[in-house]
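The primary structure of each chain is shown beneath.
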Amino acid sequence: MSGKTYKGGCACGAIRYETSSEPIFENHCQCRDCQKRSGTGHGSYLTFPQRADVRITGTASQWSVVADSGNDKIHAFCPTCGTPVYLTFAAMPELIAIHATSLDDPGQFNPQALTYSIRGHAWDAIDPAVQKFERMVPG
């Protein structure tokens, strides 16, 4: 552990989270689900290895969607303000991904990859230094 704390929550403050664990993956995703949910060209996430290490206060509403991968993603958002806060994965229930812009300090986000670039739009240019994958990162 680096001693760094990641904390944040929704726009109205009804849902908050905090963790001192380190993300195992930080990415932008241009899949259609992320585009539709964000209202922009992509979503940006920090994925943590153990959901149990992320302390969450408040009660999120949830909905599930079948991802481009064929697996179910469970989206958690604030029932008051509608802010998407985190998501979990049916196939990997121990993981939790938080939305980068829900961080109190979004500058902590350090994208390592762009996933589902095949679904990207010309008007949603991502830093060319970020490694791109047409779909999900292999392995």
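Residues numbered from 1 in each chain as written. Predicted model: local features only at pLDDT ≥ 70, side-chain atom pairs only at ≥ 80, totals over all residues. Heavy atoms only, no water.

### Side note on the overall build of the protein chain
Right, on to step 1. Summing up its helical and strand segments, the protein chain has 1 helix and 11 strands in all.
Right, on to step 2. When the elements of the protein chain are put in sequence order from the N terminus, they spell out β-β-β-α-β-β-β-β-β-β-β-β.
Right, on to step 3. Here the protein chain has a C-alpha radius of gyration of 14 Å; the compact-globule value for 139 residues is 14 Å, and the two agree.
Right, on to step 4. Within the protein chain, buried positions represent 44% of all 139 residues.
Right, on to step 5. Long-range pairs, those at least 24 residues apart, make up 53% of the contacts in the protein chain with a sequence separation of at least 6.
Right, on to step 6. Summed over its atoms, the accessible surface of the protein chain is roughly 7200 Å², and 51% of this surface lies on carbon and sulfur atoms. (Helix = DSSP H or I, 4+ residues; strand = E, 2+ residues; numbered from the N terminus. Rg over C-alpha atoms; globule rule 2.2 N^0.38 Å. Buried < 20%, exposed > 50% of the residue type's maximum accessible area, 1.4 Å probe, protein only. Contact = heavy atoms within 4.5 Å. Areas by Shrake-Rupley, 256 points an atom, 1.4 Å probe, with all protein chains shown as cover.)

### Looking at the pairing of strand β6 (residues 61-66)
Right, on to step 1. Sheet topology note: the β6/strand β7 (residues 72-77) ladder contains 6 bridges and is antiparallel. Within β7, the position partnered with Ser61 by the bridge is Phe77.
Right, on to step 2. The turn joining β6 and β7, which pair antiparallel and follow one another in sequence, is formed by 5 residues; a positive phi near 95 degrees is taken by Gly70. (Pairing = 2+ DSSP bridges.)

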